Amino acid sequence: LAALALPLLALLAWWAIRRTLTPLRALGTQLAARPAHAQQPVTLADAPAEVTPVVSALNGLLGRIDTMLEAERRFTADAAHELRTPIAAIRAQAQVALAAGGDHAQRRHALQATLQCCDRATHLVEQLLTLSRLEAGAAVTRRPLDLSVIARQVVGELAPKALQRQQDLGLDAPSACTVEGDATLLAVLLRNLVDNALRY
């Protein structure tokens, strides 16, 4: 009897293991055939209760990866948009320096302005990287700030674009306007508002 029971038990164990692993093999096949850009969640028909947590965890991971990739796409688009202004200013100042000829004072002034534009571009890159970290879940630092100072900086950065388009850009603000917030976020907000006003 024991000689008959042991093979039967082994056969039942093999069948149970194979039945349990069948959904996992189907899941592996589905993932192997899945395109890299696919965003829809993984579905597994007739999955046993033991496999359902695996599928749910996998879909959660895919969702987080998709969110991260979307944040990277937004960062790239924001960087291209925000850096357009300082790069245009650097180009304009370089053209002034080239056209200065023997006027050393004009050339020196244009080169100094070019360095200032480079500094603004560097500062802007730092702001964009800060925004990227904030989107990734970093804490926002709120502290009292002078909004007038931030507004003057933003208007100063965008003034060359307004002059190029023959637009009248000015700032009418009190000497001090204290608000509580994050300097980087407020600067990006104001820059987008003013830039949209100049465009449209």
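Computed from a predicted structure; not experimentally measured.

Procedures and definitions
- Residues numbered from 1 in each chain as written.
- Predicted model: local features only at pLDDT ≥ 70, side-chain atom pairs only at ≥ 80, totals over all residues.
- Heavy atoms only, no water.
- Helix = DSSP H or I, 4+ residues; strand = E, 2+ residues; numbered from the N terminus.
- Rg over C-alpha atoms; globule rule 2.2 N^0.38 Å.
- Buried < 20%, exposed > 50% of the residue type's maximum accessible area, 1.4 Å probe, protein only.
- Core = buried A, V, L, I, M, F, W, Y, C linked by side-chain atoms within 4.5 Å.
- Contact = heavy atoms within 4.5 Å.
- Expected span 1.5 Å × (residues − 1).
- Polar contact = N/O pair within 3.5 Å; in protein donor to acceptor, adjacent residues only side chain to side chain.
- Salt bridge = Lys/Arg side-chain N within 4 Å of Asp/Glu carboxyl O.
- Bend = angle between axes of the 7 residues up to and from the residue.

1. Here we look at the overall build of the protein chain
- Looking only at helices and strands, one finds five helices and two strands in the protein chain.
- Order of helices (α) and strands (β) in the protein chain, N terminus to C terminus: α-α-α-β-α-β-α.
- Scaling as 2.2 N^0.38, a compact globule of 200 residues should have a C-alpha radius of gyration of about 16 Å, whereas the protein chain reaches 30 Å, well beyond that.
- The principal-axis extents of the C-alpha atoms in the protein chain amount to approximately 110 × 45 × 30 Å.
- Looking at the protein chain as a whole, 24% of its 200 residues qualify as buried.

2. Re the nonpolar core
- Membership of the largest hydrophobic core is limited to 11 residues, which are Leu-145, Ile-150, Ala-151, Val-154, Leu-158, Ala-162, Leu-186, Ala-187, Leu-190, Val-194 and Leu-198.
- Residue assignment for this core shows that the elements contributing at least two residues are helix 4 (147-164) and helix 5 (183-199).
- Ignoring any residue separated from it by four or fewer positions in sequence, one finds Ala-151 in contact with Leu-171 and Leu-190.
- The next biggest cluster of nonpolar side chains, apart from the first, holds seven residues, and it includes Ala-79, Leu-124, Leu-128 and Leu-131.

3. Considering helix 5
- Here helix 5 spans 24 Å end to end across 17 residues, near enough to the 24 Å set by a 1.5 Å rise per residue.
- Regarding helix 5, its N-cap is Asp-182, as a side-chain oxygen of that residue lies 3.0 Å from the backbone nitrogen of Leu-185 further along.

4. What about the pattern of salt bridges?
- For the coordinates displayed, the defined rule picks out four salt bridges.
- A salt bridge links Glu-180 to Arg-142; its shortest N-O distance comes to 3.7 Å. Remark: Arg-142 occurs in the loop between helix 3 (104-135) and strand 1 (143-146) and Glu-180 occurs in strand 2 (residues 178-181); sequence separation between them is 38 residues. Here Glu-180 and Arg-142 have matching classes, each one exposed.
- Salt-bridge contacts for Arg-199 lead to Asp-195; the nearest nitrogen and oxygen are separated by 2.9 Å.

5. Some remarks on helix 4
- Look at helix 4: 26 Å from first C-alpha to last across 18 residues, which is about the 26 Å you get at 1.5 Å a residue.
- A bend of about 40 degrees at Leu-158 is the largest found in helix 4, and the proline Pro-160 appears one to four places after it.
- Its side-chain oxygen at 3.0 Å from the backbone nitrogen of Ser-148, Asp-146 defines the N-terminal cap of helix 4.
- The first or second residue beyond helix 4 is Gln-166, which carries a positive phi of 60 degrees.

6. Brief notes about unusual backbone geometry
- Residue Gln-166 is not a glycine yet carries a positive backbone phi of 60 degrees.
- On the secondary structure map, Gln-166 appears in the loop between helix 4 and strand 2.
- The exposed category is assigned to Gln-166, whose relative accessible area is 75%.

7. As for the environment of Thr-141
- With respect to the helices, strands and loops of the structure, Thr-141 is situated in the loop between helix 3 and strand 1.
- On a C-alpha basis, the gap between Thr-141 and Glu-72 in space is 22 Å, while along the polypeptide they are 69 residues apart.
- When sequence neighbours within four positions are dropped, the list of residues in contact with Thr-141 reads Gly-181 and Asp-182.

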